[in-house]
Amino acid sequence: GPADYAVEPPNRLESKVFTMVQTTTRWTGKEFGITIGFAVIYLTITLAVQVSGAYAAFAWLFMAPLIALFAWLPYLYLTAREQKAGVALLLNLAVGIAYGIAGELSPLLLVTLIVAAVLAELTRWLSGYCSYSGNLTSYLFLAFSTVGSPLYVWVSHDYAIQECAEEMSPAYAQAVEGLSSPGILAAMVLATIAAGLIGGAISNAVFRNQYQKYSIT
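Each chain carries its own residue numbering, running from 1 in the written order of its sequence. At least 70 in pLDDT is required for a residue's local features to be given in this predicted model, at least 80 for side-chain atom pairs to be given and counted, and no such filter applies to totals for whole chains, interfaces and linings, which use all residues. Side-chain numbers here rest on the full set of heavy atoms in the structure, without hydrogens or water.

## Examining helix 9 (residues 157-167)
Moving on, step 1. Using a 1.4 Å probe on the protein chains alone, a residue whose accessible area is under 20% of its type maximum counts as buried, one over 50% counts as exposed, and one in between counts as partly exposed. Numbering goes from the N terminus for both helices and strands, where a helix is a DSSP run of H or I of at least four residues and a strand is a run of E of at least two. Taken as a whole, helix 9 has its buried residues at Ala160, Ile161 and Cys164. The buried residues of helix 9 occupy an angular sector of 95° when the element is viewed end-on, so they sit on one face. Along helix 9, exposed side chains directed more than 90 degrees from the buried face belong to Asp158, Glu166 and Glu167.
Moving on, step 2. Any pair of residues with heavy atoms lying within 4.5 Å of one another is described as a contacting pair. In the core, the buried residues of helix 9 are packed alongside helix 3 (57-61), helix 8 (152-155) and helix 10 (170-178). In this description, one arc is meant: the one made by directions from the helix axis to the C-beta atoms.

Right under this line is the structure:
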C-alpha cells in the first residue's frame, strides 16, 4: 500500500549516505593542490608573526590573536570551497612540519596544534560543512593552534623565563616576565576570540560572492 513507499528503501538510503560520505572525505588532486597552496599562505602568516615575536615579547605572547587577524583569509575561503574533512588538519600539519624542521616544535605546541585542528574539524562535521557559523566557530578553535608556544610562560614559568634569557636576551626575558601575569593570559585568550570574530566579519564582506557560489549559509 502507500505506506510501503513512505520511507525510502534501505538500499537507496544507504546509497545516499555512502555518496555523502564520499563527498565529504574524498579529495581530488586539484582540491588537494589548492589546499596546499593556501596552506603555504597560512604558514607564511604564522611564521611572520613568529619572527616578529623574536623582536617583541608582546608579539610572541599574543601570537595567536595576531595570527587570527590574518589567517581567516586562507582558512575561511578554503572551508567554503572544500566542504569536506581535512582542511584544518592539513593547515596545521604544514605548520607542525615547518616548526619541526626549524627545531621549534615543543611538546605543548604539538598538543595545541593537534587539539585545535581536531576541534575545528569536529565543528565543521557537526555543522555539515556548508554553514558560515560552523566554519567561523571552527576558525575560533583553529585560532588557538599556536598558543602552545607562549603557554610555557604560564605552565612552566621559571623554565620559560630561563629559556628566553638563554636563547634571546636577559632584556627579552625581563619583558616576558613583566607580561606573565594571569591577567595577561586571560587577555590573550579573549583577544584571540575577538580577532577570530573580526576576521570572520571581514570574510563575510570580502567573500560574500564566494559564499553564495559555494552555498554557504
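There's plenty left to go through after this.
## A closer look at the nonpolar core
Moving on, step 1. Side-chain atoms within 4.5 Å are what join buried Ala, Val, Leu, Ile, Met, Phe, Trp, Tyr and Cys residues into a set we call a nonpolar core. Core analysis: the biggest nonpolar cluster contains 55 residues, and Trp60, Tyr75, Tyr139 and Val176 have the highest contact counts within it.
Moving on, step 2. Here this core gets ten residues from one element, more than from any other, and that element is helix 4 (residues 63-81).
Moving on, step 3. The contacts of Trp60, once residues within four sequence positions are left out, are Gly53, Ser149, Pro150, Val153, Cys164, Tyr172 and Val176.

## So, empty space enclosed by the protein
Moving on, step 1. Here a cavity is any set of points on a 1 Å grid over the protein atoms alone where a 1.4 Å probe fits but cannot get out, and a pocket is any open set with protein on both sides within 12 Å along at least 5 of 7 lines; a residue lines the site when it has an atom within 4 Å of a point. Grid points are joined across faces, edges and corners, and a volume is the space filled by probe spheres set on the points. Under the definition given, this model contains one cavity of 30 Å³ or more.
Moving on, step 2. In this structure, the largest cavity encloses a volume near 60 Å³.
Moving on, step 3. In this structure, the largest cavity is lined by Tyr42, Ala64, Ile67, Ala68, Ala71, Tyr139, Leu142, Ala143, Ser145 and Thr146.
Moving on, step 4. Listing elements by their share of the lining of the largest cavity, those giving two or more residues are helix 4 and helix 7 (132-142).
Moving on, step 5. A total of four residues in the lining of the largest cavity trace back to one element, the largest contributor, which is helix 4.
Moving on, step 6. For the lining of the largest cavity, a count of residues per class yields eight nonpolar, two polar and no charged. Three classes are used, and their members are as follows: Ala, Val, Leu, Ile, Met, Phe, Trp, Tyr, Cys and Pro are nonpolar, Asp, Glu, Lys and Arg are charged, and the others, Gly among them, are polar.

## Focus: a nonpolar patch on the surface
Moving on, step 1. Taken together, the side chains of Val111, Val115, Leu119, Leu122, Trp125, Leu126 and Phe141 present a nonpolar region at the surface, about 660 Å² in accessible area.
Moving on, step 2. Sort the elements by how many residues they give to the nonpolar patch and helix 6 (residues 107-126) lands first, with six residues.
Moving on, step 3. Relative to the helices and strands, Leu119 is located in helix 6.
Moving on, step 4. Given the relative accessible area of 32%, Leu119 is considered partly exposed. Patch members must show over 30% relative accessible area and no salt bridge, and they are joined within 9 Å when carrying like charges or within 5 Å when they are nonpolar side chains of Val, Leu, Ile, Met, Phe, Trp or Tyr. Each accessible area is a Shrake-Rupley result for a 1.4 Å probe, and residues are judged covered by the shown protein chains and nothing else. The rule for a salt bridge is simple: a side-chain nitrogen of Lys or Arg has to be within 4 Å of a carboxyl oxygen of Asp or Glu.

## Looking at the side chain of Thr146
Moving on, step 1. Looking at where Thr146 falls in the secondary structure, it is placed in the loop between helix 7 and helix 8.
Moving on, step 2. What makes Thr146 buried here is its relative accessible area of 5%.
Moving on, step 3. Residues in contact with Thr146, not counting those within four places in the same chain, are Thr46, Met63, Ala64, Ile67, Leu109 and Thr112.

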